[in-house]
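# Overview (structure and organization)
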Amino acid sequence: MKSISVQAESSYTVNVGCDWKTEILRLSSANSRIGVIHTKEMREKVQIETRSDTQVYYFEVPDGEEAKSFENICRLWSLLGESGFTRTDLLVGIGGGAVTDVAGFAAASWLRGIEWIAVPTSVAGMVDASIGGKTGINSEYGKNLVGAFHSPSAVLIDTTWLHTLSNRDFSAGMAEVIKCGFISESRIIELLLGQDVKSLRLDHERVLSLIEAAVNIKAQVVSADFKESFAREVLNYGHTLGHAIEIHSKYTMRHGEAISIGLVFAAELASISGDLETKIVDLHRQLLTSLDLPTTYPRSAWNELLPLLSLDKKTRGSTLRFVAISAIGKTHRIEGVSPAQLLQAYERISS
Ligand SMILES: NC(=O)c1ccc[n+]([C@@H]2O[C@H](COP(=O)([O-])OP(=O)(O)OC[C@H]3O[C@@H](n4cnc5c(N)ncnc54)[C@H](O)[C@@H]3O)[C@@H](O)[C@H]2O)c1
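These figures come from a predicted structure and were not determined experimentally. (Residues numbered from 1 in each chain as written. Predicted model: local features only at pLDDT ≥ 70, side-chain atom pairs only at ≥ 80, totals over all residues. Heavy atoms only, no water.)

## A look at the domain arrangement of the protein chain
Parsing the protein chain into structural domains produces domain 1 (2-164) and domain 2 (168-349). The interface of domain 1 with domain 2 comprises 26 residues on the first partner and 24 residues on the second. At the boundary of domain 1 with domain 2, total buried surface from both sides reaches about 2100 Å², with 69% on carbon and sulfur atoms. On the domain 1 side of the contact with domain 2, V123, V127 and F149 bury the most area, a combined 25% of that side's loss. At the junction of domain 1 and domain 2, the tally comes to three salt bridges. Between E212 and K2 there is a salt bridge, with the nearest N and O atoms lying 3.3 Å from each other. Inspection of the domain 1/domain 2 interface yields six residue pairs in polar contact (both at pLDDT 80 or more). Listed by contribution, the elements that provide at least two residues to the side of domain 1 that touches domain 2 are β1 (2-7), β2 (11-16), α4 (123-129) and β8 (142-149). (Domains from an automatic or database assignment. Contact = heavy atoms within 4.5 Å. Buried area = accessible area lost by both parts, 1.4 Å probe. Salt bridge = Lys/Arg side-chain N within 4 Å of Asp/Glu carboxyl O. Polar contact = N/O pair within 3.5 Å; in protein donor to acceptor, adjacent residues only side chain to side chain. Helix = DSSP H or I, 4+ residues; strand = E, 2+ residues; numbered from the N terminus.)

If you want it as structure tokens, here you go:
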């Protein structure tokens, strides 16, 4: 097991490659009530054994984004009230990013903040959603609009969860790992070269190394910049077009799938600006395609994507802003891109 430290409101560790049940037992010794937040599908797997004087409550939430609804958080608040949860009790969110986001927000909002532990079960949850302290739910006006920074007291990454994850969700999460490789860590790229989904999923040690490397990067970046200025913005590599595609696809695409296309777009944009060699752009396509991730989007969608790009929170005023790389591990910002350059980059990735 590797413990990676994150400095946020307070410092906590991400235990990568741990046995989550053992860790929960160890970490909850002072809590008299534990509320486990999980989906129905996970019910059998999330049962925990604790000391006899600890009461464990199981709070079921809907799967996927439904967990992050206003109705669901209200239901959770009622369940916490009925069960008499106090400031010294503990919530444990076990699931994909949607579950850990809502569990974290329930913990942030109940009694103005109680302790919680994240047990991510998807790749996206392990390398992204559970780290960085952002918790939240969706509003009818958009995703993640209501939330709070409220870091967990620990993140427990047990990769045995991944055995049941679909190939689609495995690959979607890997898009964020590939992103980490390009913004910061050539070892990630080396570990992924020559791999496809099947070979990678069979190689548990490699998956563990990739997750550990990606967690390290996110932990370093958020520790340096907890509330998001430019240092944290590097994590948005590929996300400017990616977010627009996610919205345009009406969320039928996984976040990681949309980011995959956004990564190639950002690389093409840097190449057009003369900042990035073509072979690195090609490497983006090679790695993403080998994990069955999409790298193109319909040409006809451009006129609808353009206004969505301007909605992206990384834009400032009327200026579009992209995170770009000039080499593996070398990030910079591209601002003031002309409409002609944007279209040229989009033409290179559209079909
Ligand atoms: N808080 C943050 O900083 C942050 C960062 C990135 C993403 N997110 C959020 O995370 C969510 C996306 O995360 P996600 O991709 O994990 O989505 P998700 O939670 O919707 O999970 C995707 C699917 O995988 C299933 N699943 C999860 N683990 C499984 C397992 N071990 N076996 C079988 N099935 C499993 C889920 O039930 C779901 O159907 C979004 O809501 C996004 O907004 C938050």
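Alright, that's what it looks like, and here's the rest.
## Re helix α12 (residues 278-290)
Taking 1.5 Å per residue as the helical rise, α12 with its 13 residues ought to reach 18 Å, and the 18 Å between its terminal C-alpha atoms agrees with that figure. Among all positions in α12, only I280, V281, L283, H284, L287 and L288 are buried. The arc enclosing the buried residues of α12, seen along the axis, measures out at 155°, which places them on a common side. Exposed positions of α12 whose direction lies more than 90 degrees from the buried face are T278 and K279. Buried residues in α12 make contact with α5 (167-184), α6 (186-192), α11 (255-272) and β10 (321-327). (Expected span 1.5 Å × (residues − 1). Buried < 20%, exposed > 50% of the residue type's maximum accessible area, 1.4 Å probe, protein only. Arc of directions from axis to C-beta.)

## Focus: the pattern of salt bridges
Scanning all chains against the criterion turns up 19 salt bridges. A salt bridge links R33 to D89, with the shortest nitrogen-to-oxygen separation between them at 2.9 Å. Of this pair, R33 sits in strand β3 (residues 33-39) while D89 sits in the loop between α2 (70-82) and β5 (90-95), and the two are 56 residues apart along the sequence. For D89, a relative accessible area of 0% translates into the label buried.

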